[in-house]
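In case you want the letters, here they are:
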Amino acid sequence: IMGFYEKYRTIGLAFEISEKLKTNPNDLHSIISSYKKTSSGKVDLMNIVTSIKTAIEQQEEKIKNKKSFVTVPDWERLSERIGGFNPGRIYLLTAETGMGKTTFAINFALGAIKSMSVLYFNMEMIPEDIATRVLQIGSNLSSREWHLGQYVNRLHEISFFIDSLDKQNTFEMTDGRAIALENITSKIISFREENENMIVIIDYDQKIRSINNGEEWQVLQRAVEDLEEVAKLCKCPIVILAQGREAASKSGIAGDPKASARTKQSASAVIRLHKENDAYFIKKKKNRFGPRE
């Protein structure tokens, strides 16, 4: 409703004006004047002094509830560098194909559930593969140990990990299929009703389906803009994974979201995962609230 309101309100007003002009063409100036008055009356103005006082009160409340600067366990340094994974904000994680976005996201989620619930939109891998990846990471199992059945020698560690996971906050994921934007937003809202303290991870941007028309970059830009509104509404951070651009071009620089560089506009931080000389690095591409260096 929020996402489509402005669009259809504008179309509706244009239709209404055109109908009035058809029946009363000589009243052009009065019809336009009436529209301008009605339109300007819907714009809320706020006194800056009052706004500052409100901001201070809200900040005090955030500090009290430990939401002024949200640190994700095991990811304290990254949290510090981007000004915290705070409610109401969008974060983009970009990486080239095969760089390990999903592995990063799972590691991040396993840290996050130590202090908050996690809603993971898995739109690429079957549930068994995600569950296996979680188990391997959490129990420090190698892929070889898993495939050869050697994990039976590590049942104590596996049991300990599963037990500790079960005692932490909720970690729920979807079944690997692409999901419509409308279903993603509704699921976030319903999950928020049961989990006041939460974080959302969307893996990944090009798997989001939408009824919006246009080229892919336009559809994704609008999708991220809508998700930003949901983040504000539900007062939760949303981390969106995206394929990263491997090299600079006319449409973007290296590390930008490949499908739509304009999605950066809605993000509080853009983080690039990349590899140099067999070492992995996390680089800030945009940092609206963190340190400027």
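Our subject is the structure that appears above.
Source: prediction; values computed, not measured.

Focus on the overall build of the chain
For the chain, the count of helices and strands is ten helices and nine strands. Considering the chain as a whole, with its 293 residues, one finds that 38% of them fall into the buried category. A separation of at least 24 residues holds for 67% of the contacts in the chain among residues at least 6 apart in sequence. Only carbon and sulfur atoms are counted for the fraction: they give 52% of the accessible area of the chain, which is about 17,400 Å².

Comments concerning the layout of surface pockets
Considered as a void within the structure, the largest pocket measures approximately 600 Å³ in volume. Forming the walls of the largest pocket are 22 residues, and the residues nearest its centre are K62, K67, P87, G88 and K235. For the lining of the largest pocket, the secondary structure elements donating two or more residues are α3 (48-64) and α10 (216-234). Here the lining of the largest pocket gets five residues from one element, more than from any other, and that element is α3. Among the residues forming the lining of the largest pocket, the class breakdown is three nonpolar, eight polar and eleven charged.

Here we look at the packing of helix α9 (residues 181-194) against α10
Direction vectors running N to C along α9 and α10 enclose 10 degrees, while the axes themselves pass 10 Å from each other. Viewed along their axes, α9 and α10 adopt a mutual orientation that is roughly parallel. Residues L181, I184, T185, I188, I189 and R192 of α9 touch α10, and the partners they reach there are A223, D226, L227, V230, L233 and C234. Residues that form the contact of α9 with α10 fall into these classes: nine nonpolar, one polar and two charged.

Points about the sheet that holds strand β3 (residues 171-173)
Pairing in this open sheet of seven strands is mixed, and the strands run β3-β2-β5-β7-β1-β8-β9 from one edge to the other. In the strand order of this sheet, the two ends are held by β3 and β9 (279-287), each with one partner. Averaged over all adjacent pairs, the angle separating strand axes in this sheet is 20 degrees, with direction ignored. Relative to β9, strand β8 (residues 269-276) runs antiparallel, the two sharing eight bridges. Bridged to H274 within β9 is F281. Running at roughly 165 degrees to strand β2 (residues 117-122), α9 makes contact with β2, β3, β5 (198-203) and β7 (238-243) of the sheet.

A closer look at a nonpolar patch on the surface
Nonpolar side chains collect at one region of the surface, where I48, V49, I52 and I56 lie side by side and expose about 380 Å² of accessible area between them. Note that I48 resides in helix α3.

Focus on the nonpolar core
If you look at the biggest cluster of nonpolar residues, it comprises 36 residues, and the most contacted ones within it are F85, F108, V118, I201 and V239. In terms of residue count, the dominant contributor to this core is helix α5 (residues 101-112) (seven residues). In this structure, I90, L181, I184 and I240 belong to the second largest nonpolar core, which totals 25 residues.

A word on the packing of α5 against helix α6 (residues 127-139)
In contact at an axis separation of 10 Å, α5 and α6 are set at 65 degrees when each is read in the N-to-C sense. The chirality of how α5 crosses α6 is right-handed. Between α5 and α6, the residues in contact are T102, T103, I106, N107 and L110 and I130, R133, V134, I137 and G138, respectively. In terms of residue class, the contact of α5 with α6 is made up of five nonpolar, four polar and one charged.

Quick word on the pattern of salt bridges
Considering all chains together, one arrives at eight salt bridges under this definition. Put simply, R154 and E157 hold a salt bridge, and the shortest N to O gap is 3.2 Å. Salt bridges linked by common partners bring E145, R154 and E157 together as one network.

Each value, and the rule that gives it
Residues numbered from 1 in each chain as written. Predicted model: local features only at pLDDT ≥ 70, side-chain atom pairs only at ≥ 80, totals over all residues. Heavy atoms only, no water. Helix = DSSP H or I, 4+ residues; strand = E, 2+ residues; numbered from the N terminus. Buried < 20%, exposed > 50% of the residue type's maximum accessible area, 1.4 Å probe, protein only. Contact = heavy atoms within 4.5 Å. Areas by Shrake-Rupley, 256 points an atom, 1.4 Å probe, with all protein chains shown as cover. 1 Å grid on protein atoms, 1.4 Å probe; cavity = no way out; pocket = protein on both sides within 12 Å on 5 of 7 lines; lining within 4 Å. Points joined across faces, edges and corners; volume = space filled by probe spheres on them. Nonpolar A, V, L, I, M, F, W, Y, C, P; charged D, E, K, R; others polar. Axes fitted to C-alpha atoms, helices over the stretch in contact; angles between N-to-C directions. Parallel < 35°, antiparallel > 145°, perpendicular 65-115°, else oblique. Pairing = 2+ DSSP bridges. Patch = residues over 30% accessible without salt bridge, like charges linked within 9 Å, V, L, I, M, F, W, Y side chains within 5 Å. Salt bridge = Lys/Arg side-chain N within 4 Å of Asp/Glu carboxyl O. Core = buried A, V, L, I, M, F, W, Y, C linked by side-chain atoms within 4.5 Å. Left-handed = near helix turned anticlockwise from the far one by under 90°.

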